[in-house]
Every structure is written in C-alpha cells, then in structure tokens.
Amino acid sequence: MTRRFCGRARERFWEIDFLRGLCVVLMIFDHFMYCLFDILPAVNGMFGTHLFEQSYALARQWWNWDVRVNVRLIVVALFFLLCGISCTLTRGNFRRSIPLALVAAGISYVTALLEGTGLGQHVIFGVIHMLACGIFLYAVFDEFALAAGSFLGEGRAARIAKGALRLLPGVAGIAFLAWLFGAGYAELRALNGQWEIHSLYGLSGATEAEKTFASTFLYIRGFLPDSGDYFPILPWAAVVLAGGILGRLIYHTDAKYALAPLDGAWNRGVCFLGRHAAVLYIAHMVVIPLFLALLAAMTIPFS
C-alpha cells in the first residue's frame, strides 16, 4: 500500500503535520497580539513614533479574553502531545534534544540582553527549554525500555513484551500527571470563565532565587517567575511523555492509515508549516518584534 504523506514520498503523517502547523499559526498570532500591547509601546517610545497605538487596547482585550485563554490551553496541550507522538517515530531523540537545549540557552541569553534595553522580557524557562527536557526524558525512558527488552530474547511472547516496554515513556508521563494532580500539587481550575492550571504547592520561607529554581520543575502557589515565556517541566514535559502512548498505539499499528484517504492538496500549506514548526516557532520570536521595530522606524517623522 503506497501512501502520500503531506505530498512527500517519505513517510510522514499528514494529520500530525497539519495539526502541528495549525498550532504554530495560532501561537504566532498569539505572540503577535502580545507584541502589540507589550513590546510595541516600548518601540514607539524609543523612536518617538505612534505605530498601531490604536491597537494596544484591542490586543490586550484579546490576551485577556476567556475564549483565547481556554483555547490556548487546549492548543498548548495538543502541541506537546504531538511532540510526544513524534518522539515515537524516531530513534534520534537524544540528538533532537541537544540543539533544542542550545537554542533555549541562546533564547535566555538574548532575551536577557533585550530586557536590559527595555525591549521584551527575559525568558528563564519557556517552551523550548521545556521541550528540550521533555524530549530528553522521553529518550531516557525509551532507551531504558530498549535495554530491558534486549534481555527478553526472541519469539512471539518476547516481541509482545518488548512492544509493551516501549510504552514506558507514555506510562511514565501519565504517572507524573496522576501524581501531580492526584497528590494535591496542582489542579485544573476555572476562574471567571478561564480554565488554568493552579498550583497547590507552596514554598513558604524560600527566597526568590529558590522559588525561581523550583518553578522550572512545577508551578509554585502564589509565585510566577519573571520570565517572558514560562512552561515548567511538570505538567508539560509529562504531557510530551504521555503523547508517546498515542504514538505507540496509533502510529505503530495499522491504525496509522486511517486518515490517509483525506490527504490531498488542500492541506499542503498548513502541512508545510507543520514540518518546519520548530524553526518557525523559534524564528517568530525574533521576526515579529524586529518587523514591528522596522515598521516603526519607517514612520519616524523627518523635519
């Protein structure tokens, strides 16, 4: 059976690329609206311009809109689940995590410099940082499963056991989530129509630095690190791991062909974005502020 995957010869699953591309489009739009009310005022102040001043209030209303907050939570969770699914389709997860970690370090360094000039906010532990950790954890659990499976020998029973062991990363992710929410460290709560993850774990008596360090691992009650982008390892890296369950149960069985008949030219554009999601996500963090700064510079009045 020959299948086209997003119009490409090699095996890619169009539905994964499509959903990932859709998530990236929504994230880029979300960041654009954030830049309009948070970064653009500083740019206008620097150049003495008034670019899109009338959009400040609208962008802030969008940012605080109940629908936007709730949809964002769903989109973020979906994006991380898709990352976990993709982890099951490659053996190079250690290799994937290293450049992400380097990029994350670069983001922290550059945003710290920009914050010093009044443009933007230092990113201490954001999406890329968390994804690097999540993919690395997936690789650790998966390599352990492979090593354990190597002792099981051959035969039908051994193959079944080895397949079950490859579910280990996903099982670990679900276990982490169950511990986090079941043991009373966090809860999903609706406040004024907005669903968000609220921490029940506090650090009384801890210093600001200690709370900032602890917040890279999980949300801390009553504390938000001074980070322009913030996604702690728990629950989000656990969501990446949990995606491994879907990847193993769907994309390592004949179920992976279920949506093949729906593939076609209609999805090419979004699939293209999905195939380059990591590059687009990283690039847009720089391109959007620079684009707005360039537009503002072009409107500087000359006397």
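Residues numbered from 1 in each chain as written. Predicted model: local features only at pLDDT ≥ 70, side-chain atom pairs only at ≥ 80, totals over all residues. Heavy atoms only, no water.

Asks: Before we go on, may I ask you to explain the overall build of the protein chain in this structure?
Replies: Of regular secondary structure, the protein chain possesses 12 helices and two strands. Mapped in sequence order, the helices and strands of the protein chain form the string α-α-α-α-α-α-α-α-β-β-α-α-α-α. A compact globule built from 303 residues would reach a C-alpha radius of gyration of about 19 Å, and the protein chain, at 22 Å, matches this within 12%. The principal-axis extent of the C-alpha atoms belonging to the protein chain is close to 80 × 55 × 35 Å. In the protein chain, buried positions account for 42% of the 303 residues. Here the analysis covers contacts within the protein chain between residues at least 6 apart in sequence; of these, 69% occur between residues at least 24 apart. Here the protein chain displays about 16000 Å² of accessible surface, and carbon together with sulfur accounts for 69% of that area. (Helix = DSSP H or I, 4+ residues; strand = E, 2+ residues; numbered from the N terminus. Rg over C-alpha atoms; globule rule 2.2 N^0.38 Å. Buried < 20%, exposed > 50% of the residue type's maximum accessible area, 1.4 Å probe, protein only. Contact = heavy atoms within 4.5 Å. Areas by Shrake-Rupley, 256 points an atom, 1.4 Å probe, with all protein chains shown as cover.)

Asks: Help me understand the confidence of the model for the protein chain, please; the structure alone is not making it clear to me.
Replies: Fine structural detail should not be taken from predicted coordinates in areas where pLDDT scores are low. Model confidence for the protein chain is summarised by a mean pLDDT of 91, while 96% of its residues fall at 70 or above. Note on residues 1–10: pLDDT is under 50 here. Beyond four places in sequence and across chains, it has 26 contacts. (pLDDT = per-residue confidence, 0-100.)

Asks: Would you mind showing me how to read the layout of surface pockets here?
Replies: In this approach, a probe sized like a water molecule rolls over the atoms, and the result shows the empty space that is left. Space inside the second largest pocket adds up to approximately 720 Å³. What lines the second largest pocket is a set of 26 residues, among which Arg12, Arg20, Ser86, Arg96 and Arg275 lie closest to the centre. Looking at the lining of the second largest pocket, the elements with two or more residues in it are helix 1 (14–38), helix 4 (66–87), helix 5 (93–116), helix 6 (127–149), helix 11 (268–275) and helix 12 (277–298). When grouped by side-chain class, the residues that make up the lining of the second largest pocket number 15 nonpolar, four polar and seven charged. (1 Å grid on protein atoms, 1.4 Å probe; cavity = no way out; pocket = protein on both sides within 12 Å on 5 of 7 lines; lining within 4 Å. Points joined across faces, edges and corners; volume = space filled by probe spheres on them. Nonpolar A, V, L, I, M, F, W, Y, C, P; charged D, E, K, R; others polar.)

Asks: I keep staring at the packing of aromatic side chains and nothing clicks. Help me out?
Replies: Aromatic ring pairs are reported here in terms of the distance separating the ring centres and the angle at which the planes meet. A full pass over the atoms with the stated rule returns 19 aromatic pairs. Ring centres of tryptophan 14 and tryptophan 266 lie 5.3 Å apart, and the angle between their planes is 75 degrees; this geometry places the pair in the edge-to-face category. Residue tryptophan 14 is located in helix 1, and its partner tryptophan 266 is located in the loop between helix 10 (233–250) and helix 11; the two are separated by 252 residues in the primary sequence. Owing to a relative accessible area of 5%, tryptophan 14 belongs among the buried residues under this scheme. Residue tryptophan 266 is classed as exposed on the basis of its relative accessible area of 54%. (Phe/Tyr/Trp six-rings, centres within 6.5 Å; stacked < 30°, edge-to-face > 60°.)

Asks: What is the right way to look at the environment of leucine 100 in this model?
Replies: Structurally, leucine 100 is set in helix 5. Taking the C-alpha atoms as reference points, leucine 100 and isoleucine 174, 74 residues apart in sequence, are found 24 Å from one another. Apart from residues lying up to four places away in sequence, leucine 100 is in contact with Ile128, Leu131, Ala132 and Ile135.

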